[in-house]
Amino acid sequence: MRTYLVVVDDSPEAEVALRFAARRAVKTGGGVQILALIPPAEFVQWGGVQATIEEEARLHAEALVAGAAGTLLDESGVVPSIVVRQGDGAKIVREMIAKTPDIAALVLGAAASGAPGPLVAHFAGADAGKLPVPVMIIPGSLTTEAIDRLS
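Remember, predicted model here, so these are calculated numbers, not experimental data.

Asks: Honestly, helix α1 (residues 12–28) in this entry has me stumped. Any pointers?
Replies: One full turn of an α-helix is made of 3.6 residues, so residues set three or four places apart face in the same direction. Over its 17 residues, α1 runs 25 Å from end to end, which matches the ideal 24 Å to within 8%, given 1.5 Å per residue. Inspection of α1 places Glu13, Ala14, Val16, Ala17, Leu18, Phe20, Ala21, Ala22 and Ala25 among the buried residues, and these make up the whole buried set. Gly29 sits one or two residues past α1 and shows a positive phi near 70°.

Asks: What exactly am I supposed to notice about the sheet that holds strand β1 (residues 3–8) here?
Replies: Strand pairing within a sheet occurs via backbone hydrogen bonds; the two strands may be parallel or antiparallel. Pairing within the open sheet is parallel, and its 5 strands lie in the order β3-β2-β1-β4-β5. One side of each edge strand has no neighbouring strand; the edge strands of this open sheet are β3 (81–86) and β5 (135–139). Between one strand and the next, the sheet's axes are offset by a mean angle of 25°, whatever the strand orientation. The sheet contact formed by β1 and strand β2 (residues 31–38) spans 6 bridges and is parallel. Residue pairing in the sheet places Tyr4 in a bridge with Val32 of β2. Contacting β1, β2, β3 and β4 (103–110), helix α3 (residues 89–99) runs over the sheet at an angle of about 150° to β2.

Definitions and cut-offs
Residues numbered from 1 in each chain as written. Predicted model: local features only at pLDDT ≥ 70, side-chain atom pairs only at ≥ 80, totals over all residues. Heavy atoms only, no water. Helix = DSSP H or I, 4+ residues; strand = E, 2+ residues; numbered from the N terminus. Expected span 1.5 Å × (residues − 1). Buried < 20%, exposed > 50% of the residue type's maximum accessible area, 1.4 Å probe, protein only. Pairing = 2+ DSSP bridges. Axes fitted to C-alpha atoms, helices over the stretch in contact; angles between N-to-C directions. Contact = heavy atoms within 4.5 Å.

Have a look at this one:
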């Protein structure tokens, strides 16, 4: 099955990318895989504090993905697969694409203003031609109506 990999976070552009991917999945008979990234933890000298910080980050990411999955199901009927991983975002995305042959495209949301975000900058820059799938960069400024019309 054709699967669209969407990286989500707290940003409005992630919501735009998720909506676009869900609508494409419905129209193509595909699926959506939601990836929430937990940044690599900075070293904290005390192990208990380190563990608490990492657990709080994981709980936040899991709540974020659960909310996104619920919205996706409500709006499109698509039941996404969910992945929460900690580490370098670009490396994790490349690994997931390499290990999952069903992934047909990487869908990223670009900020409506300012810097586009680290994954967009990375995959549209240094690694633009290295992935075995297309990268769809969805402008964060698109309205719901524009997304629906374009997807």
